[in-house]
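Inside the fold
The chain contents come next:
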Amino acid sequence: MNNEKNNRIKQLEDKFEQAKKEPWAKKLRIGTGVLWNLFILLLIFAVIGGVFASSVGAGYFASLVAKEPLRSKEELRDQVFTYEETSEMYFADSVYLGKINSDIERRQITLDKVNQYAIDAVLATEDEYFAEHKGVVPKAIFRGVFQDVTNSDSQTGGSTLTQQLVKNQILTNEVSYERKAKEILLAMRLEHFMTKDEILEAYLNIIPYGRDVMGQNIAGIETAARGIFGIKAADLSLPQAAYIAGIPQAPYTYTPFYSKNQGIKEREKLMYGVNRMKTVLFRMRDAGYITDAEWKEAKAYDVTKDFRQPSRRATERYPYVTQEIQNRTIEILAEVLAEKDGIDADRFEGDSKIKEKYEIMADRSMRTDGYRIYSTINKDLYDKMNEVADSFQYYGYTYTSETVDEESGKTITKENPVQVGASMIENHTGKVLSFIGGRDYELEALNHSTQAFRQNGSSIKPLLVYAPAIEYGVIGAGSPLVDVKFNWAGWKPGNYFDRELGVLSARESLARSQNLSTGRLYNQIFDRKPIEFMKKMNFSKVTDEDAKVPAASLGGLKHGVTVEENTNAFATFANGGQFIESYMIERIEDMDGNIVFEHKAEPVEVFSPETSYIITDMMRDVLKGNGTAARLPGLMNFRPDLAAKTGTSQHYGDAWLVGYNPNISLGVWLGYKNQNTPLYHGYNSGQMHPSERTARLYGQLMNTANAVIPETIKAKETFKRPNGVVTRSFCGISGLAPSKACAAAGLVRSDLFNSKKMVPTKVDDSIVSSSAVRVNGKLYQALASTPREFVTSGGIGVTTEYGKRMLGRLGGDASKLLAGRGAYSNSVAGSTFPANNVPPAAVSAGQNGSVLTWTGSSSNDVIGYYIYQNGVRIGTVRDGASRSYKIGYGSYYVRAVDITGLLSGPSNTVTNAAPAPKPEPKPNTNSGTKPGTTTPEAKPDAKPQTNTESKPETAPEATPEPKPETKPETKPDATPEPKPDAAPAAKE
């Protein structure tokens, strides 16, 4: 068997050897050798070329990434997981408000909270080899390079999810080979440092998804789910997930919404996104993520009906709130960031450049670092208070003006309405519960509660004058003040209607908001710099210059105050004298829930509890009787223990009403944008007085607050009187302890005092018995030569020293101290009338039936008039009584009498003639008179009796001397509060 096999092989070898000797075989052998050698040569060249190309490519790649730093694992992970997440704002009690304005909105989410459909859709569409590759897919890279080199129309791309993550989080969107090379290198490194789930989660948080329903740029699948469909990423259906997964290829083509809150796109434009959704569904089926049945059902679904309906953003719904929260958040974060960098508070506040730098950093951080910002604003209260403001009907006149638009050239009518600002603060915490920023944000974006600095008028009086004076121990609640004109270094304020009330209590002065008495009290404490109290209460623009200006006592601060500042200061009294700064940001949390900032109250003691209670009790009277806000209680549907103060600035440019109960403080302001535009033009203007307007709005806002947050208002709570506040009696005209003379005169009063600072102890020594005479409506001490019939005996006089002490260093007319005040009608001013020893000017007499009348003498020292009949004095009429006298028949004239007893010349004579006598009747012959009798002789008419006595006749003084005017002043809803620092307004 083996031999046979060997023979066959031998035969084949022989045949082959024989064939080799043939000519054609020789030629074939030579050609084959040449081809083989050529193949070997080409192979060598190919290997050398490949090595060369690889070397060149590697060198080029190396050159592209030469400047790319070698990042550590920690650096790469930090950069990838650092998302720019949109910060969110909240009302009180964690009620969601909206997002901070930012370039792009993003909400972070973990992978376990993403619907599986969404994950599968992303993988099928963006990276089918995600589970297998190590950061890059070589064939995809070569395909991309080839398409780029050949300038192919088809650009399929070749980036994996890892590469896209690197591009978005570490590199940029720059189109270049260098960026691509770095992307490939970093993607491969990143795959070593992160798991596939971490990479996928990061990708789903950073990828752009076009715009949301409000037209805001969005990124991250959670933001997309909420912004496009109004649901969480965990709740996405299959078609919804496929729609979102398809957006990143062309975000602004496939997104269903226009920018700038312009709403949803037209149907034909929506189809771009719908068709892209169908492509994603097809790829999901091919990849095996969904069944054929699921694919058919999903692609037939009308996903457009699931799109969110257009709505307004938080900045549009609550523009004043969002603006204020953002501003305050920047201030807080700037301090936090500076503190982290070791910048101390003094340097931060003192160096404007440093402060500006950190405010810029804080602004960027607020918009991109995903904070949760919790405010103090009660949403329900804010909504209702602003509804009241929107519907309020008594703001007053809206001015209009026409301007030409520079771009269009069209004439535009601009409105200038009365603006409003209000602030409600919780006293013991300082929380700003609600505010009113203005009438219309589009018309004027300035927040009139927190940003507008205005003159606060008379509302400053308790803060700068009365409370400090009580704290210094200068006055008690009832201490007498002097409401008489003065000149303080050229400053000459006036009361409304130019009235001077003389001596009145501090309580009444504050309730009626008298300027003269307030200015004089401020003069008494001026040297002690009471402006320091306002600095302690954090009035941000009060300066040392204000401390030098007397007009500050009436609200004449250089830079003004905000509504929030003014309201916050009044809350100090409710807090027993402790100032608790108002605030609007409760806390700030980062994306992980860590507290970045939390408000902590730092009370500042400004006034004692005793001072705070006394000034509170005084301001209760502002709402009573002649108080300037006596109208307010009738405008409220409940009765809290309320203290308040009104205020109007120069020319009625501002109108204020600020008040508080034990738990909340509310301040209201009205005014035009231009402070020189008056809110009021006088009684004849037909306008409602500003104090009436503020009272009406204030009452409505308090009613609203009590309805919305009764548990905070606590309407039944009252202010608690400290033990140091005592009631003491004193002499009403001097403030000293009562004397027997004061008691006998009925001038003893009682009121509140701070027993730790001041109670009346020195006995009054200002009252003396006096004979008084009235001159031009005022009582003066009678002279020895003053005719007794004009003198009121048993009157109460005061010493000259009293007048000097009460008028103080400002001086003034002592005769006005006790004039015109019913309470002191029998008191005589501590001054002697300056008689001129010249007879008074004569008067002119006339007749009205049986009544003699005459004009007043032009002399200023007249105390009354004598009436003469036929040259004999028959009557006396005192100053202040009616200039008339009932007369009989005869000739009459009048002479004026001055305080020294000198008489004027006689007036013209008025004659009241007797009627003509009746004619004597003729005898009647047919009268039937008996013979022997006669008719009696008629008596002649009797002439009027003439009083020939020279002594004065007192009976004819039928018109008694009137008592001093005691009519109460007009209530504040009819009589406006005096304008500070100005002459009284004249009626128009």
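What this report covers is the structure whose coordinates are included nearby. (Residues numbered from 1 in each chain as written. Predicted model: local features only at pLDDT ≥ 70, side-chain atom pairs only at ≥ 80, totals over all residues. Heavy atoms only, no water.)

1. Let's talk about a negative patch on the surface
A contiguous patch of negative charge on the surface is contributed by Glu316, Asp390, Glu415, Asp440 and Glu442. For aspartate 440, the position within the fold is in the loop between strand E10 (432-436) and helix H19 (461-471). (Patch = residues over 30% accessible without salt bridge, like charges linked within 9 Å, V, L, I, M, F, W, Y side chains within 5 Å. Areas by Shrake-Rupley, 256 points an atom, 1.4 Å probe, with all protein chains shown as cover. Salt bridge = Lys/Arg side-chain N within 4 Å of Asp/Glu carboxyl O. Lys, Arg positive; Asp, Glu negative; His and termini not counted. Charge placed at Lys NZ, Arg CZ, Asp CG, Glu CD. Helix = DSSP H or I, 4+ residues; strand = E, 2+ residues; numbered from the N terminus.)

2. Quick notes on the packing of aromatic side chains
Ring pairs (aromatic) are described by centroid distance and by the angle formed between their planes. Counting across every chain of the model gives 35 aromatic pairs. Measuring from centroid to centroid gives 5.7 Å for tyrosine 472 and phenylalanine 533, while their planes differ by 55°, and the two rings are tilted. Residue tyrosine 472 is found in the loop between H19 and strand E11 (480-483), and its partner phenylalanine 533 is found in helix H22 (residues 531-536); the two are separated by 61 residues along the sequence. Aromatic side chains tyrosine 868 and tyrosine 893 sit 4.8 Å apart centroid to centroid with 10° between the ring planes, which places their arrangement in the stacked category. Highlighted residues: tyrosine 868 in strand E28 (residues 862-869) and tyrosine 893 in strand E31 (residues 890-898), separated in sequence by 25 residues. Taken together, the ring pairs connect Tyr472, Phe533, Phe570, Phe573, Phe607, Tyr660 and Phe719 into an aromatic cluster. Over the ring of phenylalanine 453 we find lysine 541, and its NZ or CZ is 4.2 Å from the ring centre. The positively charged end of arginine 873 is found above the aromatic ring belonging to tyrosine 866, 4.1 Å away from the centroid. (Phe/Tyr/Trp six-rings, centres within 6.5 Å; stacked < 30°, edge-to-face > 60°. Lys NZ or Arg CZ within 6 Å of the ring centre and 35° of its normal.)

3. Side note on the pattern of salt bridges
Side chains that carry opposite charge are capable of pairing whenever their charged atoms lie near each other. Using the criterion set out here, one finds 37 salt bridges in the structure. Between aspartate 286 and arginine 285 there is a salt bridge whose closest N-O contact spans 3.4 Å. On the accessibility criterion, arginine 285 (23% relative accessible area) is partly exposed. Between glutamate 589 and arginine 587 there is a salt bridge whose closest N-O contact spans 2.9 Å. Looking at arginine 587, the relative accessible area reads 22%, which means it is partly exposed. (Buried < 20%, exposed > 50% of the residue type's maximum accessible area, 1.4 Å probe, protein only.)

4. Observations regarding the side chain of asparagine 456
The residue asparagine 456 is located in the loop between E10 and H19 in this model. Taking relative accessible area as the criterion, asparagine 456 reaches 0% and is therefore assigned buried. A distance of 3.5 Å separates polar atoms of two side chains, one belonging to asparagine 456 and the other to asparagine 566. Not counting chain neighbours up to four residues away, the residues in contact with asparagine 456 comprise Gly555, Leu557, Val561, Asn566, Gly647 and Trp656. (Polar contact = N/O pair within 3.5 Å; in protein donor to acceptor, adjacent residues only side chain to side chain. Contact = heavy atoms within 4.5 Å.)

5. Thoughts on the environment of threonine 160
On the secondary structure map, threonine 160 appears in the loop between helix H5 (138-149) and helix H6 (161-169). Here threonine 160 falls in the buried class, since its relative accessible area comes to 2%. Threonine 160 has contacts with Asp127, His133, Gly135, Val136 and Val137, leaving out every residue within four places of it along the chain.

6. Regarding the sheet that holds E10
Within the open sheet, the five strands sit side by side as E10-E9-E19-E18-E17. Their pairing is antiparallel. The open sheet has two edge strands with one neighbour each: E10 and strand E17 (643-648). Looking at each pair of strands side by side, their axes are set apart by 10° on average, direction ignored. Across six bridges, the pairing between strand E18 (residues 655-660) and strand E19 (residues 664-671) is antiparallel. Note that in E19 the partner of glycine 659 across the bridge is leucine 666. Where helix H25 (residues 690-708) meets the sheet, its contacts fall on strand E9 (419-426), E10, E17, E18 and E19, and the angle it forms with E19 comes to roughly 140°. (Pairing = 2+ DSSP bridges. Axes fitted to C-alpha atoms, helices over the stretch in contact; angles between N-to-C directions.)

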